[in-house]
Amino acid sequence: MSGVNMLRMPGLSIDCEYDRVLRLKAEGPLSHVCRPFIRRMNDRLSNEKPARVDHEQVIASTWLPPIPGEVFKRLIRAEVSIALGKYVPETVSFEITRRCGCDCEHCAMSDGEYELTLDEIKTAIDQALDMGAFVITFTEGDPLLRSDLFELIEYIDRDRAIVNVFTPGLEMTPAIASRLKDCGLHNLLISIYSTDPSKHDAVRRVDGAFDSAINAIRCGLSAGLLVTMSTHLSHDRMNGLPGLYDLACGLGVHEFSVWESMDGSLTDDDRSQILGMYHRINRSPGGPRMFANTYFEGELLGCLAGQRWLHICVDGSIRPCPYMPQTTGNVRDTPLIDIWKSIREDERFSGKKNWCIAQPSPKARG
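Residues numbered from 1 in each chain as written. Predicted model: local features only at pLDDT ≥ 70, side-chain atom pairs only at ≥ 80, totals over all residues. Heavy atoms only, no water.

## Brief notes about the overall build of the protein
Put simply, the rule is: Elements are defined by DSSP. Helices are runs of H or I of four residues or more, strands are runs of E of two residues or more, and each kind is numbered from the N terminus. This radius of gyration counts C-alpha atoms alone. The globule rule is 2.2 Å times how many residues there are, raised to the power 0.38. For every residue, the accessible area obtained with a 1.4 Å probe (protein chains only) is divided by the maximum for its type, and the residue is called buried under 20%, exposed over 50%, and partly exposed between those limits. The contact criterion used throughout is that any non-hydrogen atoms of two residues lie within 4.5 Å.
For the protein, the helix and strand inventory stands at twelve helices and 14 strands. At 20 Å, the protein has a C-alpha radius of gyration in line with the 21 Å of a compact globule built from 366 residues. A principal-axis box enclosing the C-alpha atoms of the protein has dimensions of 60 × 50 × 50 Å. Expressed as a percentage of its 366 residues, the buried residues of the protein come to 54%. Taking all contacts inside the protein whose residues are at least 6 apart in sequence as the whole, residues at least 24 apart take part in 66%.

Right under this line is the structure:
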């Protein structure tokens, strides 16, 4: 792969070059502004295995657009904007339905009644893309129970954003997986809470939920989708982490995604174990790569809420991320850019926070 230009603007040019590994190179008077994120990206590209390599594209993580590509160019532009002090909601997640075949205790989707209409969601997507978003995620309840999900996926310009879908997998069939692929879905995410089917089923409060999740993963892989097996970790689930990764390996998913539970139970030692596992796996050949918000929101970028992430609830209200309870405005009556400006004026979202601000601070946990 020869050099491909990712961004050209007065005072700055960023190219993507390939010499055994992908590498970004910035030139021009403004290149010093971009050095921190260029260094972070190059470090990952050179020291961590990718999720998948396709033809002349590298998918460094299922959470990132293919490199090179038009959507990756938007990532570069967004990071340049952030480096210059103008924050961009790079990831916008949408709750698109309250309906779900599961009855998880941690889910609040049963509260309230209103669901955004198809046109309202499309309008919010347009606004998010115009603001610079390049990752659109459809999430809980179960997006597969929304009949216009396929239309929503097709609506998103593939040169502007990648599309992810979270589902517990109860509704998945080979035909649905193939249709998701045809519609342009980038990444299918399925959560597994335990390698013990009875424990997973207990979280979902549905008999057979584990088997359905495994089936959904296999359907996605057979259809040629990127597939991520996700899990949420609390302190009492730490012992099951190696087994979950072994399950991910056996299934052949592209990435194993680990998120910290919002119960605040993880200890500093737990986090050290997660980070050690993250670096060990991603620097070893074979098996799926590992994503961990412990790393991304701790060592790399800091908390994403209200800085690189915006969450749209099923009724149109806005949160800085899915895990923060407070809302700021509603897309049904306020432009998304105005709500984003209001969030950015909140001092809680200024400066790098090396922990998830939806959880107790490290001092408070201590």
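And the narrative resumes.
## Some details on the pattern of salt bridges
To keep things clear, this is the line we draw: Between Lys or Arg on one side and Asp or Glu on the other, a salt bridge is scored when a side-chain nitrogen of the former is within 4 Å of a carboxyl oxygen of the latter.
Applying the stated rule across the entire model yields 15 salt bridges. If you follow the salt bridges from partner to partner, you end up with R40, E79, E90 and R308 in one network.

## With respect to the sheet that holds strand 8 (residues 162–166)
Test applied: The pairing criterion is simple: DSSP has to find at least two bridges between the two strands.
Reading across from one edge, 12-11-10-9-8-7-6-13-14 is the order of the nine strands in this open sheet, with mixed pairing throughout. The open sheet has two free edges, formed respectively by strand 12 (289–292) and strand 14 (318–319), since each of these has just one partner strand.

## What to know about helix 3 (residues 118–130)
Stated precisely, the cut-off is as follows: By this rule the span expected of a helix is its residue count minus one, scaled by 1.5 Å. Directions drawn from the helix axis to the C-beta atoms are what define this arc.
Between the first and last C-alpha of helix 3 there are 18 Å, a value that for 13 residues agrees with the 18 Å anticipated at 1.5 Å per step. Every buried residue belonging to helix 3 is among L118, I121, K122, A124, I125, A128 and L129, and all of these are buried. Seen along its axis, helix 3 keeps its buried residues to an arc of 160°; they face one direction. Exposed and oriented more than 90 degrees from the buried face of helix 3 are D119 and D130. Where helix 3 terminates, the next one or two residues include G132, which has phi positive at roughly 110°.

## Some thoughts on the pairing of strand 11 (residues 255–260)
Every regular strand shows the same layout, with side chains that alternate between the two sheet faces. The line we're drawing: Every crossover in which the path from the first strand over the helix to the second runs clockwise, viewed with the strands pointing away from the viewer, is termed right-handed.
Of all the six residues making up strand 11, six are buried; the element is thus mostly covered by neighbouring parts of the structure. Residues E255, S257 and W259 of strand 11 are buried on one face, and the alternating residues F256, V258 and E260, pointing to the opposite face, are buried as well. For the handedness criterion, the β-α-β arrangement of strand 10 (residues 226–233), helix 8 (residues 241–251) and strand 11 is classed as right-handed. Note that strand 11 and strand 12 share four bridges and pair parallel. By the bridge assignment, V258 is partnered in strand 12 with A292. In terms of handedness, the path from strand 11 via helix 9 (residues 268–282) over to strand 12 forms a crossover that is right-handed.

## Focus: the environment of R283
Residue placement: R283 occurs in the loop between helix 9 and strand 12. We classify R283 as exposed; its relative accessible area is 53%. On a C-alpha basis, the gap between R283 and P50 in space is 9.9 Å, while along the polypeptide they are 233 residues apart.

## A few points about the nonpolar core
Selection rule: Nine residue types can take part in a nonpolar core, namely buried Ala, Val, Leu, Ile, Met, Phe, Trp, Tyr and Cys, and a core is a set of them joined through side-chain atoms within 4.5 Å.
F94, F138, L180 and F256 are the most contacted members of the largest nonpolar core, which totals 83 residues. For F138, the residues in contact, after removing those within four places along its chain, are F94, I96, I125, P143, L149, L152, I153, I156, V163, N164, V165 and F166. Of all hydrophobic cores here, the second largest spans 26 residues; its members include I14, L45, L75 and I162.

## Regarding the side chain of S93
Going by this rule: Pairs of N or O atoms are called polar contacts if they sit within 3.5 Å, as long as, within protein, a hydrogen donor faces a hydrogen acceptor (for residues adjacent in sequence, only side-chain-to-side-chain pairs).
Along the chain, S93 turns up in strand 6 (residues 91–95). Judged by its relative accessible area of 4%, S93 falls in the buried class. Within the structure, S93 has its side chain in polar contact with the side chain of W309 (distance 3.0 Å). Ignoring sequence-local partners within four residues, the contact set of S93 consists of T137, W309, L310, H311, I312 and P322.

## Some points on unusual backbone geometry
For the bond running from I67 to P68, omega is -10°, close enough to zero to count as cis. Relative to the elements of secondary structure, P68 occurs in the loop between strand 5 (57–59) and helix 2 (70–83). The residue after E140, namely G141, is reached through a cis peptide bond having omega -5°. Note on placement: G141 falls in the loop between strand 7 (135–139) and helix 4 (149–155). Non-glycine residue R205 carries a positive phi angle of around 55°. Inspection of the secondary structure puts R205 in the loop between helix 6 (197–204) and helix 7 (209–222).

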